[in-house]
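Coordinates in review
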Protein chains: 2
Amino acid sequence: MYVRAKCHGVLWVYGDVLPGAVEVMNRFKEMGKKIFFCTNNSTKTRKELLVKSHNMGFNITEEEVISTAHSLAAYLKNRNFNKKVFVIGSEGITKELDAVGIDHTKVGPEHMPGSLQQYLSNHFKLDDNIGAVVVGFDEYFSFPKMTKAASYLNNPECLFIATNTDERFPMPNMVVPGTGSFVRAIETCAERKATVIGKPNVAICEHLIKDGTIVPERTLMIGDRCNTDILLGYNCGFQTMLVGTGIHQLNDVDSWKASDDPELHKLLPDVYLPKLGDLLPYM
Amino acid sequence: MYVRAKCHGVLWVYGDVLPGAVEVMNRFKEMGKKIFFCTNNSTKTRKELLVKSHNMGFNITEEEVISTAHSLAAYLKNRNFNKKVFVIGSEGITKELDAVGIDHTKVGPEHMPGSLQQYLSNHFKLDDNIGAVVVGFDEYFSFPKMTKAASYLNNPECLFIATNTDERFPMPNMVVPGTGSFVRAIETCAERKATVIGKPNVAICEHLIKDGTIVPERTLMIGDRCNTDILLGYNCGFQTMLVGTGIHQLNDVDSWKASDDPELHKLLPDVYLPKLGDLLPYM
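What you see is a predicted model; the values in this text were computed from it and never measured.

Within chain A, the secondary structure is distributed over eleven helices and 15 strands. Its C-alpha atoms give chain A a radius of gyration of 20 Å, within 12% of the compact-globule value 19 Å for 283 residues. Seen along its three principal axes, the alpha-carbon backbone of chain A occupies a region of about 65 × 40 × 35 Å. Counting every position in chain A, which comprises 283 residues, the buried fraction comes to 56%. Considering only contacts within chain A whose residues lie at least 6 apart along the sequence, 68% involve residues at least 24 apart. For chain A, the exposed surface amounts to about 11900 Å²; the carbon and sulfur share of it is 49%. Where the 30 positive side-chain charges of chain A centre and where its 33 negative ones centre are 3 Å apart.

Placing chain A over chain B gives an RMSD of 0.0 Å and needs a rotation angle of 180°, together with 0.0 Å of translation along the axis. In symmetry terms, the pair is related by a two-fold rotation axis. Of the residues that chain A buries at the interface, 100% are likewise interface residues in chain B, meaning the two copies contact each other through the same surface.

Attention now goes to the environment of Pro144(A). Residue and element names in this part refer to chain A. Residue position: proline 144 is located in helix α6 (residues 143-152). The exposure class assigned to proline 144 is buried, which follows from its relative accessible area of 1%. Through-space distance from the C-alpha of proline 144 to that of histidine 111 is 7.0 Å; in sequence the pair is 33 residues apart. Residues contacting proline 144, with those up to four places away along its chain left out, are Glu110, His111, Met112 and Tyr119.

With that out of the way, let us pick up the UniProt feature "binding site: Mg(2+)" (unreviewed entry) in chain A. Residue and element names in this part refer to chain A. Under the feature "binding site: Mg(2+)" (unreviewed entry), the UniProt entry names Asp224. Structurally, aspartate 224 is set in the loop between β13 (219-223) and α9 (226-236). Classification of aspartate 224 by relative accessible area gives buried; the value is 1%.

What follows concerns the interface of chain A and chain B. When the parts come together, some accessible area is lost, and that loss is often what is quoted as the size of the interface. Taken together, the contacts link 37 residues of chain A with 37 residues of chain B. Summing both sides of the interface, chain A and chain B together bury roughly 3200 Å²; the carbon and sulfur share of this comes to 68%. The largest share of the area that chain A buries against chain B comes from Glu139(A), Phe143(A) and Arg168(A), three residues that together contribute 17% of it. Run the count over chain A and chain B and you get two salt bridges. For the salt bridge of Arg168(B) with Glu191(A), the shortest nitrogen-to-oxygen distance reads 3.3 Å. The interface formed by chain A and chain B contains 15 residue pairs in polar contact (both at pLDDT 80 or more). Put simply, the parts of the chain that give the side of chain A that touches chain B at least two residues each are α5 (116-123), α6, β10 (168-171), β11 (174-177) and α7 (179-190) of chain A.

What follows concerns the sheet that holds strand β15 (residues 271-273) of chain A. All names here are of chain A. Read across the open sheet, the six strands follow the order β5-β4-β1-β13-β14-β15; overall the sheet is parallel. The open sheet has two edge strands, β5 (65-67) and β15, and neither has a second partner. Neighbour to neighbour, the strand axes of the sheet diverge by 20° on average, direction disregarded. Looking at chain direction, strand β1 (residues 2-5) and β13 are connected through four bridges and run parallel. The partner of alanine 5 across the bridge, within β13, is isoleucine 222.

Bringing the pairing of strand β8 (residues 130-135) of chain A into the picture now. Successive residues of a regular strand alternate their side chains across the two faces of the sheet. In terms of residue burial, β8(A) counts as a mostly covered element, since six of its six residues are buried. A crossover links β8(A) with its parallel partner strand β9 (residues 159-162) of chain A, the connecting element being α6(A), and its sense is right-handed.

So, how was this worked out
Residues numbered from 1 in each chain as written. Chains lettered and ligands numbered in written order. Predicted model: local features only at pLDDT ≥ 70, side-chain atom pairs only at ≥ 80, totals over all residues. Heavy atoms only, no water. Helix = DSSP H or I, 4+ residues; strand = E, 2+ residues; numbered from the N terminus. Rg over C-alpha atoms; globule rule 2.2 N^0.38 Å. Buried < 20%, exposed > 50% of the residue type's maximum accessible area, 1.4 Å probe, protein only. Contact = heavy atoms within 4.5 Å. Areas by Shrake-Rupley, 256 points an atom, 1.4 Å probe, with all protein chains shown as cover. Lys, Arg positive; Asp, Glu negative; His and termini not counted. Charge placed at Lys NZ, Arg CZ, Asp CG, Glu CD. Least-squares fit on C-alpha atoms with pLDDT ≥ 70 in both. UniProt positions renumbered as here; feature names shortened; annotations may be inferred. Buried area = accessible area lost by both parts, 1.4 Å probe. Salt bridge = Lys/Arg side-chain N within 4 Å of Asp/Glu carboxyl O. Polar contact = N/O pair within 3.5 Å; in protein donor to acceptor, adjacent residues only side chain to side chain. Pairing = 2+ DSSP bridges. Axes fitted to C-alpha atoms, helices over the stretch in contact; angles between N-to-C directions. Right-handed = clockwise from strand over helix to strand, strands pointing away.

See below:
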């Protein structure tokens, strides 16, 4: 049996491991199950996610981490991409591109230098060598970045790839925008749809299914967000388990179950548990 | 007869009046027709649009200018809104809010002051008195503005209003993002839909139809963008004319005509002219 678990909201929340999560995942491994940590977080490389996992006590290797930044770099490499990437995102993406030898723009702040007219007349400049626009999580998302992305994407040969489309991260008293909100902004001004790497898209693990590393009918996907994690399970033919330590709760599931919309029925998990650690007594 | 004309792309393009446009509109007025200039541009007040129109030679009054910034302020005033507005936009909006005595936040640059963690821990602060989030064109659109908007909108009682949803402004060798791309970004991270004031929504001129100033069956809407101008005409029961000096061309119309999608058929104008000035010989 194979077990794929989402990280944030299932194994940990920010810096804090969730109760029992380490014990459950390490027990799976001791039992001889293959485990994978699967994250839409594009701000970290596989190596960085590995260090974070080790520091929390998870017994896992780099090959058992599936991340959108890494899968994105693999996607471009597999297409023999040899131009430059315009990156809206963070170093999680640029380090993974560096690791496969793909050239890219710098990440970080790009503020509007003055009025719109000043910007368009004096500051706006495109790089002729750009062949792809990539959109991941970018806390420096800004109007100049949007303008450049939309302008590059006006060339139909320029690739348009998003790491993921998670809408947002609700926190106490605030809502942090997710990558999905940047992607929708660029899709709107570019008048094109992005190719999305992350969950719920099979692209994030297609290579592992193709080479037999993951056998779908013997795989359990554990997640906290139904429109990414559980839907990926549906799309890949995995069994699915929702845990209540993140985005979606049992009342969400009940409302989708009552609906006539077949799309909402794809979000229904096979099993629900309040938290991953609740599995421990049954193992 | 009543004539409503869009400004940018029909009457002028940036600072340049289109050939024959002044003559046609002034001739309409001399013939005793009521004319209105109707713009989704939220960056200017009615007064500023009036000055621009006069400088180009158009014979028009402030009451004959219909603009989203003005209609937005009227919309809030008519609801007796008495809280503060969080504005993503420009002074076109804040000046119209000032004119009706509605309090609002400042517009202009709001850069990300450091890393995400630094921002959330040290800089992020909400104003308890905000009762509405307004999204218009804002060249200083940024991650901090998105985060605040999404956080305010987490309160279901907070109003969410967009001036318009124009996707983009194509220019030679570049694409400038339109208000629609900001609106979709906020709608995604807020997980709510905005109330849209501008074309193609009847809200932009509902008060003029209600009070009898505009009689739909005797009104011609002239526009260059079918999903805003021509669709407004469809929604209000106006006759419609597309001119080819802006966004959409005759080949766009032909492709929609050939489609089976009834939504696309709403975009079909009654009449097409290459430019507004071509009307002159027939007047």
